[in-house]
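Take a look at the letters that make up each chain.
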Amino acid sequence: PGNAAHGGPSRHGDAAPWPRRRKIGIYTIAPEDRKQIEEVLDFWKEDWRTISEDLLKQRDDYDLVEKWQQQLVFLRFMWDVPEGRVLPEYGKVIDGGLQSIIERCHQKMAELQPFETREKQDKRNFYRGTILALEGVISFAENYALEAEKLSIEEVNENRKRELQEIARICKKVPRYRADTFYEAVQSFWFIQCAMFIEVNGRGISPGRFDQYMYRPFKSDLELGRITPASALELVELLRIKHSEIIRAHAVFTESYLGGSIFQNVTLGGVDENGRGADNELSALVLQAGINVRTTQPTISIRWGDELSKDFKLKVVEGVKAGSGYPALFNNRIGVERFTKTGAAREDALNWAPCGCVDMNICGKRIPQWDPSIWNGAKILELVLNDGVNPVTGDKLADTGIMIEHASFDEIKESWKRVVSFVISKNVEYWNIAMNVKNEMGLVLPILSAMLDDCVEKGLHCQEGGCRYNDGAYHVSNGIINVANSLAAMKKCVFEDKLFTMKELLEALKHNFEGNGYDRIRKELLDAPKFGNADLYVDQIAVELYDDYSVAMERNLNWLGEPWRASTLSVTTQVVNGNACGATPDGRKAGDHLCDGSLSAYPGTDLNGPTALMISASRPHATN
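As the structure is a computational prediction, the values presented were derived from the model and not from experiment. (Residues numbered from 1 in each chain as written. Predicted model: local features only at pLDDT ≥ 70, side-chain atom pairs only at ≥ 80, totals over all residues. Heavy atoms only, no water.)

Enquirer: What's the story with helix α22 (residues 518-527) in this structure? I'm lost.
Expert: Given 3.6 residues to a turn, an α-helix orients residues that are three or four positions apart in the same direction. The set of residues buried in α22 consists of Tyr518, Ile521 and Leu525. Angularly, the buried residues of α22 cover 55° about the axis, an arc narrow enough to put them on a single face. Across from the buried face of α22, at angles greater than 90 degrees, the exposed residues are Asp519, Lys523 and Asp527. Those residues of α22 that are buried are in contact with α20 (480-496) and α21 (502-510). (Buried < 20%, exposed > 50% of the residue type's maximum accessible area, 1.4 Å probe, protein only. Helix = DSSP H or I, 4+ residues; strand = E, 2+ residues; numbered from the N terminus. Arc of directions from axis to C-beta. Contact = heavy atoms within 4.5 Å.)

So this is what it looks like as structure tokens:
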């Protein structure tokens, strides 16, 4: 971003049409605005991040962890990517309105009297704050009603006048009360979505199973003749446009690996509480809206399984053929298994959905997911291959427990696992401290908490144990497939076929496969088995690495005493992390991107067709 953010001149090429303005990142800041921003920053100088970092800096291992962040062993802690990746229970507002939640808060507060203990006082404050916040959302909606009434008085076109009067009527009613029509339900949903983004300013606040909680008013309107499929489709199309209007201002570095998306994910299909296919007429309309209005938000996901109707499956294929990149297909059975294996009741596990990009959560009952950062599997392998030293900086960043030139294949593999386990344990340990600071500061989310079971019943916020399931903290990997391919190549070329020695391999990596015949070594490495070809030789290594990572994660408890969970996605971090890595034994050259996603083949290495790729991708176990 240049030096503008630090008061210096802006970078060459950043000149704006207003010469006196300066740029911070991609944003042009006028001098008078800059003064206000600096005053706000001064007011918030002791914010959550500052206080947490001051506390973390007192730790003996802080310098090492800071070097890990600087040198991309893992990405810097995501302070500016707040709570998100969550599935609120929109249905409780659609079906009951905010007033019903407010009344329940009053009831629970009355049950606490007398407020003689600190615990009761804290819960009383939770209920008072939640009531105040929800009343604010109601006032937010009523302000739109007042504006619509004002405009209707001035309007001369009778059709538009009636439209404005209907808008005013609806905004007076929802989200305070139950939505009885589909139009009311859409408006109620949107007010809640806006309110949560205003409160959280997060990513991945996802609509979830829209075709389930919106189906009652939709079906009722169809049966009573209040709407037609065409008019309902138009509402959903307009809703897509509204979703695309939400943006966040982010640090340039954050955008370098998150790509600007805010990851609102609509889920369709799946099964109902009895395990029957849950697709319906609204499911198909939402898909059609995505085909007709190709906005980047919201994305669309399908819980795919045998239970879905043939007509809906064909509609899904039509959506894929439209070429917009959605819908994404998720295995319904695997999703249910994932949550039952991690302790959820089956009736709750049946109500899962993707949130964010490919994160998974339980609708309305599981804590918003926090990811402190994304660790770099290939960089950790580079440390192992250099006896714990980062060859770029010369810093000793890990104790590998081996001398690489004399190590066996199994010793190299186990060393990588040990370093990964150590890195992630420090990472989540630091984040637990930060989250405890956050809760101590009272940085809470009353609106979002009201949308999640069982926060109101417990009198606790969603980040301090209020949710039914509180194991949503997770840590993301990137580059494991590169590591699996690298280990397979070393096993094949060095230890089995003895085409070259480990010392020769290390020299080839050091020189980026350039000169001195190192291109021959690279060719052998590239010809070695690669993930994505249904080849157990390398696929089993990938399965082992993912299993061990998952177990290592769950040995660590989050700030609420629940296991941390493994997660495998990359967004666009494969580019950032790849820039930090030298050449790797899979034949990848220094600075090239890493493998994207979690179960994708490295580009150009899947040579046996899509079926083979899917076989490889299906082998890792469904633990997360």
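What follows continues from the structure just given.
Enquirer: Quick question: what am I supposed to make of the packing of aromatic side chains here?
Expert: Aromatic ring pairs are reported here in terms of the distance separating the ring centres and the angle at which the planes meet. Taken as a whole, this structure holds 25 aromatic pairs when the rule is applied. Pairing Tyr90 with Tyr213 gives two aromatic rings, centres 5.4 Å apart and planes at 25°, and the pair type is stacked. Of this pair, Tyr90 sits in the loop between α3 (62-70) and α4 (91-112) while Tyr213 is found in helix α8 (residues 210-213), placing the two residues 123 residues apart along the sequence. Residue Tyr90 shares its accessibility class with Tyr213, and that shared class is buried. Centre to centre, the rings of Trp375 and Trp416 are 6.0 Å apart; their planes meet at 50°, and the pair counts as tilted. (Phe/Tyr/Trp six-rings, centres within 6.5 Å; stacked < 30°, edge-to-face > 60°.)

Enquirer: Looking at this model, I keep getting lost on the packing of α20 against helix α23 (residues 536-554). Mind explaining?
Expert: Working note: a packed helix pair is described by the angle between its axes plus the distance between those axes. At a minimum axis separation of 9 Å, α20 and α23 run at an interaxial angle of 130°. Judged by the inter-axis angle, α20 sits oblique to α23. Helix-helix and strand crossings are classified by hand; for α20 and α23 the assignment is right-handed. Here Ile480, Ile481, Val483, Ala484, Asn485, Leu487, Ala488, Lys491, Lys492 and Glu496 of α20 come into contact with α23, specifically with Tyr537, Val538, Ile541, Ala542, Leu545, Tyr546 and Tyr549. Among the residues making up the contact of α20 with α23, the classes are represented as 13 nonpolar, one polar and three charged. (Axes fitted to C-alpha atoms, helices over the stretch in contact; angles between N-to-C directions. Parallel < 35°, antiparallel > 145°, perpendicular 65-115°, else oblique. Left-handed = near helix turned anticlockwise from the far one by under 90°. Nonpolar A, V, L, I, M, F, W, Y, C, P; charged D, E, K, R; others polar.)

Enquirer: Help me out: how do you make sense of the packing of α4 against helix α7 (residues 182-200) in this one?
Expert: Between α4 and α7, the least distance of the axes is 10 Å, while the angle of their chain directions is 65°. Taken together, the axes of α4 and α7 are roughly perpendicular relative to one another. Note on packing geometry: the crossing formed by α4 with α7 is left-handed. Residues Val93, Ile94 and Leu98 of α4 form the contact with α7, whose participating residues are Ala185, Ser188, Phe189 and Ile192. Considered class by class, the residues forming the contact of α4 with α7 number six nonpolar, one polar and no charged.

Enquirer: Mind showing me how you'd approach a nonpolar patch on the surface here?
Expert: A contiguous nonpolar patch, built from Val40, Phe43 and Trp44 and spanning about 380 Å² of accessible area, is present on the exposed surface. Position of Val40 among the secondary structure elements: in helix α1 (residues 31-43). (Patch = residues over 30% accessible without salt bridge, like charges linked within 9 Å, V, L, I, M, F, W, Y side chains within 5 Å. Areas by Shrake-Rupley, 256 points an atom, 1.4 Å probe, with all protein chains shown as cover. Salt bridge = Lys/Arg side-chain N within 4 Å of Asp/Glu carboxyl O.)

Enquirer: When you look at the side chain of Thr584 in this model, what are you seeing that I'm missing?
Expert: Inspection of the secondary structure assignment puts Thr584 in the loop between α24 (573-579) and α25 (610-617). Engagement of the side chain of Thr584 in a polar contact is seen with the side chain of Asp586, the distance being 2.6 Å. The residues contacting Thr584, other than those within four sequence positions of it, are Ala378, Ser486, Leu509 and Phe513. (Polar contact = N/O pair within 3.5 Å; in protein donor to acceptor, adjacent residues only side chain to side chain.)

Enquirer: Would you mind showing me how to read helix α2 (residues 48-56) here?
Expert: Along α2, the residues classified as buried are Trp48, Ser52, Glu53 and Leu56. Taken end-on, α2 shows its buried residues confined to a sector of 115°, consistent with a single buried face. Close packing links the buried residues of α2 with α3 and α17 (409-440).

Enquirer: Help me understand the pairing of strand β9 (residues 474-478), please; the structure alone is not making it clear to me.
Expert: Regular strands have side chains that alternate between both faces of the sheet. Of all the five residues making up β9, five are buried; the element is thus mostly covered by neighbouring parts of the structure. Judged by which residues are buried, β9 turns out to be covered on both faces: Tyr474, Val476 and Asn478 on one side and His475 and Ser477 on the other are all buried. Judged from the three bridges that link them, strand β8 (residues 374-376) and β9 form a sheet pairing that is parallel. Looking across to β9, one finds that Ile374 is bridged to Val476. (Pairing = 2+ DSSP bridges.)

Enquirer: Even after reading the chapter, I still don't get the pattern of salt bridges, so can you show me in this structure?
Expert: Pairing is possible between side chains of opposite charge, provided their charged atoms come close. If you walk through the whole model with that rule in mind, you get 45 salt bridges. For Glu544, the salt bridge is made with Lys413, and the minimal N-O distance between the two is 3.1 Å. Taken together, the residues Glu544 in helix α23 and Lys413 in helix α17 connect sequence positions 131 residues apart. Linking Lys589 and Glu514 is a salt bridge whose minimum nitrogen-to-oxygen distance equals 3.2 Å. Taken as a pair, Lys589 in the loop between α24 and α25 and Glu514 in the loop between α21 and α22 lie far apart in primary sequence, 75 residues in all. For Lys589, a relative accessible area of 22% gives the class partly exposed. It is possible to trace a salt-bridge network through shared partners that takes in Glu166, Arg169, Lys173, Arg178, Asp180 and Glu184.

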